[in-house]
Amino acid sequence: MIVVGAGVAGLAAARALVDAGRSVIVLEATAQVGGRVRTDRSLGVPFDLGASWIHGTDGNPVADLAAAAGAPAVELDFSDVTAIDEGGDRWTLDEFGQAEQAYEELMAAVVDEGDDDVSVATMIASLEPDWFEHRLQAFFTSTYLVFDTGDLDRLSSALADEGEVFGGPEVVMTDGYDRIATHLAAGLDVRLGLPVTAVGRDDERAVVTTAAGEFVASDVVVAVPLGALQANAITFSPALPAGHLDAIDGIGFNAVDKFLFVWDETFWDDTDFVVYTPTRRDVFNWFLDVNSLHPGSNALMTFAYADEARMLETLPDDEVITLAMSHLRDMYGGDVPAPVAMRRSAWASDPFTRGAYSFTSIDTSMEHFDVLATPVGRLHLAGEHTHRQYFSTVHGAYLSGRRAAEQILSNGSAP
Ligand SMILES: Cc1cc2nc3c(=O)[nH]c(=O)nc-3n(C[C@H](O)[C@H](O)[C@H](O)COP(=O)(O)OP(=O)(O)OC[C@H]3O[C@@H](n4cnc5c(N)ncnc54)[C@H](O)[C@@H]3O)c2cc1C
């Protein structure tokens, strides 16, 4: 068997096939396993460039993997928050709670009164035209919605609450999410630095093309991101069926980036999170105090979403730092020093990812996920974008890989 892509989906498929006694080669374009589970340790504190959270530990197979890998995780307190408005005034916790409540009521109405092909932006404009003038309300729309899903002018109103997590606490991996990928990959035959350019198939076999030559197998699992499929980075012959192509085009793929800033000393409030509510939305408005995970790290992790993320990827580091400092100095005063170091992701520009995760756009139908989960002869797609219930998450990626392996094993293909 061949598996294309050594993200969690591809590794989960390979692991299950190898455990069932099959011979598997995993072909991975980049120099490391994990895909969007990637940890940068160059500043001494593990910084997850992609996934950070296990979304609910009850019954979540990723929580089991973390335990098996011996990878520690802690729960942060989302209500342990300091909220500061543009100009430096502080929001009270009552104001914070009221805006959160208003946001939840708004979204219930958006989903209830919306339609699959009408965007959330259109629904908010019709239901609450002044919504974004209240900067704290705008914050919730940005960090609770755009971050988790996608661009508001593309996000389907009726489908905005699709996608599930598990029950129990949401926990953050403290020693790096890549511990899970490394654990899954242990003992597998993973060939790094080998981008696949073509996947052919007939009744007998699948043929996978790389710069290092062709690999022939009875079945192939293609577990590359939706962004790579949308960009036609792999040529399929024969072409994918029309239903698969519609699904690839129809499901949205968003942009989210993460940023780690490190100082010599901490100057911010001692709460797990610091919220900032500038008029400019979707960038550097939610800060996670990394001291809560790693005492003494003097670091903040923050985010950019949608167009702000795509735009920041085009800027040099010094301009990104200037923007972040304008927010932090507005909150904490002009004397706040520049950080001593920064690290950041750039997922939309990554040629092997081209975005962050999938979302239900105005062109998405929930059946699109089922179509992508349906094998095409000897070709099986896996990846978070192929899981109707759990798309966009690590647990969705993992379960999609297991599903692809089960499809192959139940077909009784040759070992
Ligand atoms: C910023 C960010 C934050 C996130 N936060 C969370 C979170 O907190 N919790 C959560 O559950 N999820 C989170 N996610 C989502 C989660 O990371 C993904 O859903 C999941 O990791 C996707 O796994 P995958 O195996 O489907 O794809 P990927 O991890 O993208 O793996 C695909 C692999 O295919 C490789 N590839 C691509 N093209 C080729 C080719 N032509 N040939 C060979 N190999 C190729 C890629 O290099 C990659 O290794 C986040 C993602 C991002 C970007």
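Every value quoted in this text rests on a predicted model; they were computed, and no experiment measured them. (Residues numbered from 1 in each chain as written. Predicted model: local features only at pLDDT ≥ 70, side-chain atom pairs only at ≥ 80, totals over all residues. Heavy atoms only, no water.)

S.K.: Describe in detail helix H6 (residues 178-185), supporting the description with residues and values.
M.R.: Listed as buried for H6 are Asp178, Ile180, Ala181, Leu184 and Ala185. In a view along the axis of H6, the buried residues occupy a sector of 150 degrees, so they form one face of it. Of the surrounding secondary structure, the elements contacted by the buried residues of H6 are helix H1 (8-19), strand E3 (39-40), strand E4 (47-48), helix H2 (61-69), strand E8 (171-173) and helix H12 (394-411). Looking one or two residues past H6, Gly187 carries a phi angle of roughly 85 degrees, positive in sign. (Buried < 20%, exposed > 50% of the residue type's maximum accessible area, 1.4 Å probe, protein only. Helix = DSSP H or I, 4+ residues; strand = E, 2+ residues; numbered from the N terminus. Arc of directions from axis to C-beta. Contact = heavy atoms within 4.5 Å.)

S.K.: Break down the site of the ligand for me, with residues and values.
M.R.: Around the ligand, a shell composed of 39 residues is seen, among which Glu28, Arg36, Trp53, Val196 and Val394 lie nearest. Measuring from an oxygen atom of the ligand, one finds a backbone N or O atom of Ser392 at 3.4 Å. At 3.3 Å from an oxygen atom of the ligand is found a main-chain nitrogen or oxygen belonging to Thr393. When the ligand sits alone it has 1000 Å² of accessible area, and the protein chains cover 98% of it. Secondary structure elements with two or more residues in the shell around the ligand: H1, strand E16 (256-262) and H12. Looking at the shell around the ligand residue by residue, the classes come out as 24 nonpolar, 11 polar and 4 charged. (Near = heavy atom within 4 Å. Polar contact = N/O pair within 3.5 Å; in protein donor to acceptor, adjacent residues only side chain to side chain. Areas by Shrake-Rupley, 256 points an atom, 1.4 Å probe, with all protein chains shown as cover. Nonpolar A, V, L, I, M, F, W, Y, C, P; charged D, E, K, R; others polar.)

S.K.: Explain the sheet that holds strand E14 (residues 235-237) to me, and be specific about the residues and the numbers.
M.R.: The 4 strands are arranged E12-E11-E10-E14 in an open sheet whose pairing can be described as mixed. Each of the sheet's edge strands pairs with one partner strand only, and the pair in question is strand E12 (213-217) and E14. Between one strand axis and the next, the sheet turns through 15 degrees on average, direction left out of account. Both strand E11 (residues 206-210) and E12 contribute to a ladder of 5 bridges, which runs antiparallel. Bridging from a neighbouring strand, Val207 pairs with Val216 of E12. (Pairing = 2+ DSSP bridges. Axes fitted to C-alpha atoms, helices over the stretch in contact; angles between N-to-C directions.)

S.K.: An account of the pairing of strand E18 (residues 286-289) is requested, with residue identities and associated values reported.
M.R.: Neither face of E18 is left uncovered, since the one carrying Trp286 and Leu288 and the one carrying Phe287 and Asp289 both have all their residues buried. With 3 bridges connecting them, strand E17 (residues 273-277) and E18 associate as antiparallel partners. Residue pairing across strands places Val275 opposite Trp286, the latter belonging to E18. Taken together, the 2 bridges between E18 and strand E19 (residues 299-305) define a ladder with antiparallel strand orientation. Across the sheet, Asp289 pairs through a bridge with Leu300, a residue of E19.

S.K.: So what's going on with the packing of H2 against H6? Residues and values would help.
M.R.: Orientation of H2 relative to H6, taken along the N-to-C sense of each, is 80 degrees, at an axis distance of 9 Å. By the angle between their directions, the pair H2 and H6 is classed as roughly perpendicular. Every residue of H6 that contacts H2 at Val62, Leu65, Ala66, Ala68 and Ala69 is listed here: Arg179, Ile180, His183 and Leu184. (Parallel < 35°, antiparallel > 145°, perpendicular 65-115°, else oblique.)

S.K.: So what about the pattern of salt bridges? Which residues, and what values?
M.R.: Between side chains of opposite charge, a pair can form when the charged atoms approach closely. For the coordinates displayed, the defined rule picks out 17 salt bridges. Of the charged contacts in the structure, one is a salt bridge between Arg41 and Asp178, with a shortest N-O distance of 2.8 Å. With Arg41 in the loop between E3 and E4 and Asp178 in helix H6, this pair connects stretches of sequence that are 137 residues apart. By relative accessible area, which is 37% here, Arg41 ends up partly exposed. For Glu367, the salt bridge is made with Arg388, and the minimal N-O distance between the two is 3.6 Å. Of this pair, Glu367 sits in helix H11 (residues 367-372) while Arg388 sits in the loop between strand E22 (379-381) and H12, and the two are 21 residues apart along the sequence. Under the relative-accessibility criterion, Glu367 is labelled partly exposed at 45%. (Salt bridge = Lys/Arg side-chain N within 4 Å of Asp/Glu carboxyl O.)

S.K.: Quick rundown of unusual backbone geometry? Include the residues and the values.
M.R.: A cis amide bond links Ser237 to the next residue, Pro238, at an omega of -5 degrees. Locating Pro238 in the fold gives a position in the loop between E14 and helix H8 (242-250). The backbone phi angle of Phe284 is positive, close to 50 degrees, even though this residue is not glycine. On the secondary structure map, Phe284 appears in the loop between E17 and E18.

S.K.: I'd like to hear about the domain arrangement of the protein, residue by residue, with values.
M.R.: Split by domain assignment, the protein resolves into domain 1 (2-39 + 49-74 + 171-253 + 352-411) and domain 2 (254-344). Relative to domain 2, the C-alpha centre of domain 1 lies at a distance of 31 Å. Listed by partner, the interface residues are 14 residues for domain 1 and 12 residues for domain 2. Of the roughly 920 Å² buried between domain 1 and domain 2 on both sides combined, carbon and sulfur atoms contribute 60%. Considering only the surface of domain 1 that becomes buried against domain 2, Leu49, Trp53 and Thr174 emerge as the three largest contributors, covering 45% of it. Across the contact surface, domain 1 and domain 2 share 0 salt bridges. Counting across the domain 1 and domain 2 interface gives 5 residue pairs in polar contact (both at pLDDT 80 or more). (Domains from an automatic or database assignment. Buried area = accessible area lost by both parts, 1.4 Å probe.)

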